[in-house]
Amino acid sequence: MTQAPTPTPTADTVRRLVRTLLKEDPRGGGPDVRPVTEGGSTTWWVGARHVLRLAADRDAAAHQRRELRLRDLVRPHLPLAVPACVAHGEWSPGLTCSLDTRIPGGTAEDHDVSAAGEGDLAGLFTGLREVPVRQAEALGVPRAAPRSLEALRRMAVAAAARLAAADEFDAARLHQLTPLGATQLAAQPGTAVLVHHRLAAGHLVVGGDGRVRGVLDWRGAVLGDPAEDIAGLARAVGSPTAVRAATLAGYAARPCLRGLWLARCDTVIRLADRLAGHGTEPPPALRTELAHAWEAILLERVTELREGDGT
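Definitions and limits used
- Numbering of residues starts from 1 in every chain and runs along the sequence as written.
- In view of the model being predicted, local features appear only for residues whose pLDDT reaches at least 70, and side-chain atom pairs are presented and counted only at 80 or more, with totals across whole chains, interfaces and linings using the full set of residues.
- Hydrogens and water are ignored here; the side-chain numbers use all heavy atoms of the structure.
- When two rings of Phe, Tyr or Trp (its six-membered ring) have centres within 6.5 Å they constitute a pair, described as stacked for plane angles under 30 degrees, edge-to-face for angles over 60, and tilted for the intermediate range.
- Here a strand is any run of E in DSSP of at least two residues, a helix any run of H or I of at least four, and the numbering for each starts at the N terminus.
- Partly exposed describes any residue whose relative accessible area lies between the buried limit of under 20% and the exposed limit of over 50%, with all areas from a 1.4 Å probe on protein chains only and scaled to the type maximum.
- A ring has a charge above it when a Lys NZ or an Arg CZ is no more than 6 Å from the ring centre and no more than 35 degrees off the ring normal.
- Side-chain atoms alone can form a polar contact between residues adjacent in sequence; in general such a contact is a pair of N or O atoms within 3.5 Å, and within protein one must be able to donate a hydrogen while the other accepts it.
- A contact between two residues is defined here by any heavy atoms of the two lying within 4.5 Å.
- We call two strands paired when DSSP finds no fewer than two bridges between them.
- For every element, the axis is a line fit to its C-alpha atoms; helices are fit only across the contacting stretch, and the angle between N-to-C directions ranges from 0 to 180 degrees.
- Arc definition: it is the arc formed by the directions from the helix axis to the C-beta atoms.
- Take the buried residues of types Ala, Val, Leu, Ile, Met, Phe, Trp, Tyr and Cys, join any two whose side-chain atoms come within 4.5 Å, and each joined set is a nonpolar core.

Some words on the packing of aromatic side chains
No. 1: Across all of its chains, the model carries 3 aromatic pairs by this definition.
No. 2: A ring pair is formed by Phe125 and Tyr251, whose centres lie 6.1 Å apart and whose planes are at 90°; its orientation type is edge-to-face. A residue pair is termed long-range when its members are at least 10 positions apart, and Phe125 in helix α3 (residues 115-130) and Tyr251 in the loop between α8 (239-248) and α9 (253-275) qualify at 126 residues. The residues Phe125 and Tyr251 share a single accessibility class, namely buried.
No. 3: Aromatic ring contacts, followed pair by pair, group Phe169, Trp261 and Trp294 into a single cluster.
No. 4: In this structure, Arg264 is placed above the aromatic ring of Trp261, and the distance from its NZ or CZ to the ring centre is 4.9 Å.

Quick word on the side chain of Arg153
No. 1: Along the polypeptide, Arg153 turns up in helix α5 (residues 149-165).
No. 2: In terms of polar contacts, Arg153 uses its side chain to reach the side chain of Glu150, at 2.8 Å.
No. 3: Those residues within four positions of Arg153 in sequence are excluded, and the remaining contacts are Leu177, Thr178, Pro179, Ala182 and Cys265.

Here's the deal with the sheet that holds strand β5 (residues 95-101)
No. 1: Read across the sheet, 5 strands follow the order β1-β2-β3-β5-β4 without closing on themselves; strand pairing throughout is antiparallel. Each having just a single partner strand, β1 (33-35) and β4 (85-92) make up the two edges of the open sheet. In this sheet, neighbouring strand axes are inclined to one another by 25° on average, regardless of whether the strands run parallel or antiparallel.
No. 2: Across 5 bridges, strand β3 (residues 50-54) lies against β5 in antiparallel orientation.

Let's talk about the pairing of β4
No. 1: Judged from the 6 bridges that link them, β4 and β5 form a sheet pairing that is antiparallel. Paired with Gly89 across the two strands is Cys97, which belongs to β5.
No. 2: Count of turn residues in the β4/β5 antiparallel hairpin: 2 residues, of which Gly94 carries a positive phi of about 85°.

Observations concerning helix α10 (residues 283-293)
No. 1: Taken residue by residue, α10 has Leu286, Glu289, Leu290 and Ala293 as its buried positions. For α10, the buried positions fall inside an angular range of 100° around the axis, keeping them on one side.
No. 2: For α10, the secondary structure elements touched by its buried residues are α5, α7 (227-237), α8 and α9.

Some remarks on the nonpolar core
No. 1: If you look at the biggest cluster of nonpolar residues, it comprises 69 residues, and the most contacted ones within it are Leu124, Leu194 and Leu204.
No. 2: At 11 residues, the largest contribution of residues to this core is made by α9.
No. 3: Beyond its immediate chain neighbours, meaning those up to four positions away, Leu124 contacts Leu78, Pro79, Leu80, Leu199, Val215 and Trp218.
No. 4: In terms of nonpolar packing, the next biggest core, distinct from the first, is built from 14 residues, Val33, Leu52, Trp91 and Leu99 among them.

Read these as spatial facts, not as claims about activity.
Below, the structure written as structure tokens:
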């Protein structure tokens, strides 16, 4: 059976929906609303204190229901704010909506993360490790197998050659990661934790003082490789910041280097694919992520890793 086309939300639709969710007088004018992105959106600012998120299809609705429960599970474990749901319901048959609190501040696209902010990110890593895996799994959070860094390295080598031909990247930089090094940085058994999996710059709420105040968008959370979140931070705020935060959280050399090289290979592949006409992300944003991931850190080369380096 074909699903009916999803209606396009308008400002009037959103105002009526918010009044219904908050059980306000329908004769009132309603709050000021505007889409988060120009040209229409399923995410709307509602006044100065709330944000309304509308599921675009039934899959998104299922993810939103799970996200609301997951946020309640992780909130006690994190030193950072997680959006709280004020009201929720359906905005169209089978399509959910959630009116959430708005965490004040900009994003990592607007502000650099300070040294104190790195401590906040360390608290995020520590808190994610503390979330009970069984409870997250009971909510429907899926498990994700660790990616093969060697397979990713081979893809990145080919992508780097294409970028080099376009004068976008020095392909020799990938020589730092050898096949042996990629094998050494394989994910260690028994290290699965709750992984946010979407630690993009726009999902980190950062104040003007550089402190990280909150984390948005928990729809992509999985139980899996913690190096994926280290990689996400490397792309979002730079490799030095990501590695220092992970180190402060107790992660040793292996997961830090694994996260670093996941990010570096990913950014090369994604930019090469976009320049070949695939995907929709703007190339300037992908170039920024590539520059962040390839920032130098003190521990650049994969050396002999001790057995204890897998924490």
